[in-house]
Amino acid sequence: MTPPRRFVALGLAAVAFALAFVYPAITPARVAWYDPVGHAWSYEVRPPGVAIDFFGRCAQATVAWAVVLAVALVVVRRLPALGARAVGLVAAWVLTAIVFVMLFYAWTLHYRVPVPAPLPEGAGASAGDRGR
Amino acid sequence: MAQRAGAAVTWARVLVMLHAAAAIVLIGAATHHAIIAWGYLRGRFKVRLGRIYAATVATTYVTTFGLGLLAYPTFRYEVRALFLDRYEPWASNLFDTKENFAALGLPLVAIALGLCRAIGPELAAGRTREEDRALIWAYAACVWLVAAIVWFAVVSGLAITLTRGV
């Protein structure tokens, strides 16, 4: 496969990764959550407590990346020659998608006010103690 | 229960040490790779080095990211939920920004690795000068963005760990 075709396939997969990664953050969508206290997984919009959606978002973005890459590798083989314009356009889309999602997270997290978990019984001298 | 949490913290500390060690290699390789990509744009092709750095960045990026993922559950509760969210919310927010940026760097690392063998001083058969130039710009942009993400992640990781580590 020629490098322009390989780049276009990888670029489209990168855009899919960025969109699948940010999707649960911009709309109430179900995603896999891991609860580090109960060591349990759930698949929902937003469970209570300190559950982590990062693993789920990474997993679904990786699946989207792999599926789009597999499809794109097949499709770009059948396209006529891809010129500099196609490479430039895909590069622009990749950078726009990645930087846009980065800015989205930077913006929303900058203004986030985290809610601390309740301290466990007798945790004052260890976990939640500021003086450690 | 407390014994289990203690073992998890000890294990997480080992993982964070390895995570930091991998990040040291990663930041060096990513910075060198960015310099090599800058050279490509100016017509100086150190192709062999470019390929070595692309492979090194890909390996250490995935390793660093994976080790961070393994340590994350312990960090999320023992450090973030119990301390940072309560006393240093900026560090909590910075950590989440860092982890999201790091994840978004993964497909860029794949692009850089996929293109590193295609770029060189010689025009490949069937490719025009404009196509080569466009590929080099695309490659360089991905490599620079990866280097920027790595620098941001390392500096913010240090700042967060100085505030409160696992």
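For the structure itself, look to the data block above.
Residues numbered from 1 in each chain as written. Chains lettered and ligands numbered in written order. Predicted model: local features only at pLDDT ≥ 70, side-chain atom pairs only at ≥ 80, totals over all residues.

(A) Spotlight on the interface of chain B and chain A. Each partner contributes to the interface: chain B provides 41 residues, whereas chain A provides 45 residues. Looking at the side of chain B that touches chain A, the elements that each hand over two or more residues are α2 (47-87), α3 (89-115) and α4 (129-163) of chain B. Looking at the side of chain B that touches chain A, the element that brings in the most residues is α3 of chain B, giving 16 residues. Across the side of chain B that touches chain A, the residue classes tally to 24 nonpolar, 8 polar and 9 charged. (Contact = placed C-beta atoms within 7 Å. Helix = DSSP H or I, 4+ residues; strand = E, 2+ residues; numbered from the N terminus. Nonpolar A, V, L, I, M, F, W, Y, C, P; charged D, E, K, R; others polar.)

(B) Looking closely at the pairing of strand β1 (residues 31-35) of chain A. All names here are of chain A. Pairing analysis gives 5 bridges linking β1 to strand β2 (residues 40-44), with the strands arranged antiparallel. Residue pairing in the sheet places Trp33 in a bridge with Ser42 of β2. Linking β1 back to β2 in an antiparallel pair, the connection comprises 4 residues, with His39 at a positive phi of about 50°. (Pairing = 2+ DSSP bridges.)

(C) Quick look at helix α3 (residues 84-110) of chain A. Across its 27 residues, α3 of chain A extends 38 Å between first and last C-alpha, which sits within 8% of the 39 Å expected from 1.5 Å per residue. Along α3 of chain A, the residues classified as buried are Val87, Val90, Ala91, Val94, Ala97, Ile98, Val101, Met102 and Tyr105 of chain A. In this structure, the buried side of α3 of chain A is in contact with α1 (3-26) of chain A together with α3 and α4 of chain B. (Expected span 1.5 Å × (residues − 1). Buried ≥ 20, exposed ≤ 12 C-beta atoms within 10 Å, placed from the backbone.)

(D) Molecular detail of the environment of Trp90 of chain B. All names here are of chain B. Mapped onto the secondary structure, Trp90 falls in helix α3. Judged by C-beta crowding, with 14 C-beta atoms within 10 Å, Trp90 ranks as partly exposed. Taking the C-alpha atoms as reference points, Trp90 and Phe152, separated by 62 residues in sequence, lie 15 Å from one another.

(E) Expanded view of the nonpolar core. One finds Val57, Ala112, Tyr139 and Val146 of chain B to be the most contacted residues of the largest nonpolar core, which totals 94 residues. Secondary structure elements with two or more residues in this core: α1, β1, α2 (54-78) and α3 of chain A together with α1 (2-41), α2, α3 and α4 of chain B. With 16 residues, the single largest contributor to this core is α2 of chain B. Setting aside chain neighbours within four positions, we find Val57 of chain B in contact with Leu26, Ala29, Ala30, His33, Val109, Ala112 and Val146 of chain B. (Core = buried A, V, L, I, M, F, W, Y, C linked by C-beta atoms within 7 Å.)

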